[in-house]
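Okay, here's what each chain looks like letter by letter:
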Amino acid sequence: MLSDDTTKDRILAVDDTPDNLILLQTILEVEGYEIDLVADGAAALQYVEESPPDLILLDVMMPLMDGYEVTRRIRSSSTPYIPILLLTAFNDASVVEGLDAGADDFIRKPFDQDELMARVRSLLRLKHSLDAQRAMSRAREDFVSRLTHDLRTPLVAADRMLNLFLQDIFCPTSDEMKQAVSAMVRSNHNLLEMVNTLLEVSRFEAGQKTMRFESYNLLEIVQEVVQELNTLAQEKNLTIKIDTGTEKEHPVNELSVIGDRLELRRVVGNLIGNAIKFTDLGSIDVRLYRSKSSGQSKSESPDDKEWVVLEVSDTGYGIAEEDLAHLFERFRQGKHKRAGSGLGLHLSRRIVETHGGKIEVVSELGKGSTFTVYLPAG
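Residues numbered from 1 in each chain as written. Predicted model: local features only at pLDDT ≥ 70, side-chain atom pairs only at ≥ 80, totals over all residues. Heavy atoms only, no water.

Naming follows an unreviewed UniProt entry, where the protein appears as histidine kinase of Dulcicalothrix desertica PCC 7102. Looking at the protein in UniProt, the text filed under Function (unreviewed entry) is "Photoreceptor which exists in two forms that are reversibly interconvertible by light: the R form that absorbs maximally in the red region of the spectrum and the FR form that absorbs maximally in the far-red region." As its UniProt record puts it under Catalytic activity (unreviewed entry), the protein is described as follows: "ATP + protein L-histidine = ADP + protein N-phospho-L-histidine." (UniProt positions renumbered as here; feature names shortened; annotations may be inferred.)

Okay, structure coming up:
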């Protein structure tokens, strides 16, 4: 079986018995496969690292390093997925151990040639299918990345041009026209924000996101974000309150975390911005404190590491119970008419998890929502 018109599938056979290797080579080469032979586990691991094959036929019983250990080491490495077919002459217990170690299938010795080839073809089909899916995923990520990059330039240029109109740089502009241009500026900002968020999500998913981790006081970041967003809140007659408890309970200098300031700011801005967007009456309460508990898990002991906790509560519309389980999924839009692209909360979760933390939400329709972020204390 060939993976395409020009390339043969490469199979690595690992066995400490030369006669078994010769038999496998004879059978597989007749079927059109390219096969390489090694006699022990260490040589197999080196081969896989230097030139990953499409399939591994692996004997279970070998001296120094058996097939189980070889399988475990391959699965724990960064090597792309390679199907592993175990060759064993032993009982069901050995098969269970091999599958638990990460093998994909097994065949008993002495094996039937037709059965061997059927299992080989099946595992190679699996390999080709997964490779094709990865290739499609990479192509999609590349397209999104290029698209967002290309969209940002005209959006930024349009924003600058529209602001020049508002400043009467080109000619006097009537109040009615300024209102129309202002609406265009807001729409342009919304689109630019969505493009920027999509770009960040694509970077995370492509593994191309780099961060600079340093020690920051989370309270200072929250205060900056609140200062920026306070105008939006005031337009809706909302107040934003920051509560850190008493200095004795939670000294301000104990609210430090290790992280990327820009990304932490993005999370705080997204949570407070959403609270403003979905609240018409009441207030936005932002609470910061230090805790030894990291959320809803009941398995933590009192000796677990400490966390800096950020809670953002609103008195808005709330979230339906059936939507809570999917709230942080990519492109999962809420049912409310003000719901955005569904990327902001997904990105926030990715950022928090990259910082070793977690994010949770509790909500009730008509009563508001509380988003809670747990970050390891710095």
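Visitor: Is there a simple way to think about the pairing of strand β10 (residues 307-314) in this case?
Guide: Looking along a regular strand, one sees side chains alternate from face to face of the sheet. For β10, a buried count of eight out of eight residues is recorded, marking the element as mostly surrounded by other parts of the structure. Residues W307, V309, E311 and S313 of β10 are buried on one face, and the alternating residues V308, L310, V312 and D314, pointing to the opposite face, are buried as well. Across seven bridges, β10 lies against strand β12 (residues 368-376) in antiparallel orientation. Bridge assignment links V309 to a residue of β12, and that residue is Y374. (Buried < 20%, exposed > 50% of the residue type's maximum accessible area, 1.4 Å probe, protein only. Helix = DSSP H or I, 4+ residues; strand = E, 2+ residues; numbered from the N terminus. Pairing = 2+ DSSP bridges.)

Visitor: Explanation requested: the packing of helix α2 (residues 41-50) against helix α3 (residues 67-76) in the structure shown.
Guide: When two helices pack together, their arrangement is given by the angle between the helix axes and by the axis-to-axis distance. At their nearest, the axes of α2 and α3 sit 10 Å apart, and the two run at 20° to each other. When the axes of α2 and α3 are compared, the pair comes out roughly parallel. α3 is crossed by α2, and the crossing has right-handed handedness. Each of G41, L45 and V48 in α2 lies in contact with α3, whose residues at this interface are V70, R73 and I74. (Axes fitted to C-alpha atoms, helices over the stretch in contact; angles between N-to-C directions. Parallel < 35°, antiparallel > 145°, perpendicular 65-115°, else oblique. Left-handed = near helix turned anticlockwise from the far one by under 90°. Contact = heavy atoms within 4.5 Å.)

Visitor: Got a minute to help me understand a nonpolar patch on the surface in this structure?
Guide: The grouping of M161, F165, I169 and F170 at the surface amounts to a nonpolar patch, some 380 Å² of accessible area in total. Within the fold, I169 resides in the loop between α5 (113-166) and α6 (175-205). (Patch = residues over 30% accessible without salt bridge, like charges linked within 9 Å, V, L, I, M, F, W, Y side chains within 5 Å. Areas by Shrake-Rupley, 256 points an atom, 1.4 Å probe, with all protein chains shown as cover. Salt bridge = Lys/Arg side-chain N within 4 Å of Asp/Glu carboxyl O.)

Visitor: Looking at this structure, how should I read the UniProt feature "modified residue: 4-aspartylphosphate" (unreviewed entry) in the protein?
Guide: Using the residue numbers shown here, the UniProt feature "modified residue: 4-aspartylphosphate" (unreviewed entry) corresponds to D59. Among the secondary structure elements, D59 is positioned in strand β3 (residues 55-59).

Visitor: Is there a simple way to think about the sheet that holds strand β11 (residues 358-364) in this case?
Guide: One key point about sheets: their strands pair by backbone hydrogen bonds, in either a parallel or an antiparallel sense. Strand order in the open sheet formed by five strands is β7-β9-β10-β12-β11, with mixed pairing between adjacent strands. Whereas interior strands pair on both sides, the edge strands pair on one side only; in this sheet they are β7 (239-243) and β11. Pairwise comparison of adjacent strand axes, ignoring direction, gives a mean angle of 15° for this sheet. With seven bridges connecting them, β11 and β12 associate as antiparallel partners. Counterpart to E364 in the pairing with β12 is G368. Helix-sheet contacts for helix α7 (residues 218-235) involve β7, β9 (283-291), β10 and β12, and the interaxial angle to β7 is about 170°. Of the strands in this sheet, β11 and β12 touch helix α10 (residues 344-354), which is tilted by about 25° from β12.

Visitor: What is the right way to look at the packing of aromatic side chains in this model?
Guide: Centre-to-centre distance and the angle between the planes together describe a pair of aromatic rings. Under the defined criterion, the tally for this structure stands at two aromatic pairs. Between F165 and F170, the aromatic rings sit 5.1 Å apart at their centres with planes inclined by 50°, giving tilted as the arrangement. The partly exposed category is assigned to F170, whose relative accessible area is 46%. The residue whose ring lies beneath R287 is Y289, and the NZ or CZ to ring-centre distance is 4.2 Å. (Phe/Tyr/Trp six-rings, centres within 6.5 Å; stacked < 30°, edge-to-face > 60°. Lys NZ or Arg CZ within 6 Å of the ring centre and 35° of its normal.)

Visitor: How do you make sense of the pairing of β3 when you look at a structure like this?
Guide: Across the five residues that make up β3, a large majority, five, are buried. Of the two faces of β3, both are covered, the one formed by L55, L57 and D59 as well as the one formed by I56 and L58. As paired elements, strand β1 (residues 10-14) and β3 share four bridges and run parallel to each other. Of the residues in β3, the one forming a bridge with L12 is I56. Here four bridges tie β3 to strand β4 (residues 84-88), and the two strands are oriented parallel to one another. Following the sheet pairing, D59 is matched in β4 by L87. Read as a crossover between parallel neighbours, the route from β3 over α3 to β4 is right-handed. (Right-handed = clockwise from strand over helix to strand, strands pointing away.)

Visitor: Even after reading the chapter, I still don't get the pattern of salt bridges, so can you show me in this structure?
Guide: It is possible for side chains of opposite charge to pair when their charged atoms get near one another. Counting across every chain of the model gives 20 salt bridges. Here D280 ties to K236 by a salt bridge, and the two come within 3.3 Å at their closest N and O atoms. Of this pair, D280 sits in the loop between α8 (261-277) and β9 while K236 sits in the loop between α7 and β7, and the two are 44 residues apart along the sequence. What makes D280 partly exposed here is its relative accessible area of 30%. Between E360 and K358 there is a salt bridge, with the nearest N and O atoms lying 3.2 Å from each other. E360 gets classed as buried once you look at its relative accessible area, which sits at 13%. We classify K358 as partly exposed; its relative accessible area is 27%.

Visitor: Teacher, can you tell me more about α10 here?
Guide: One full turn of an α-helix is made of 3.6 residues, so residues set three or four places apart face in the same direction. Among the residues making up α10, those that are buried are L345, H346, L347, S348, I351 and V352. Looking one or two places after α10, you find G356, whose phi comes out positive at around 80°.

Visitor: Explain the sheet that holds β1 here, please?
Guide: If you trace the five strands from one edge of the open sheet to the other, you get β2-β1-β3-β4-β5, paired in parallel fashion. The sheet terminates laterally at β2 (34-38) and β5 (105-108), the two strands that pair on one side only. Neighbouring strand axes in the sheet, compared pairwise and without regard to direction, differ in orientation by 20° on average. Here four bridges tie β4 to β5, and the two strands are oriented parallel to one another. Paired with L87 across the two strands is I107, which belongs to β5. In the packing of helix α1 (residues 18-30) onto the sheet, the strands contacted are β1, β2, β3 and β4, and the crossing angle to β2 comes to about 175°.

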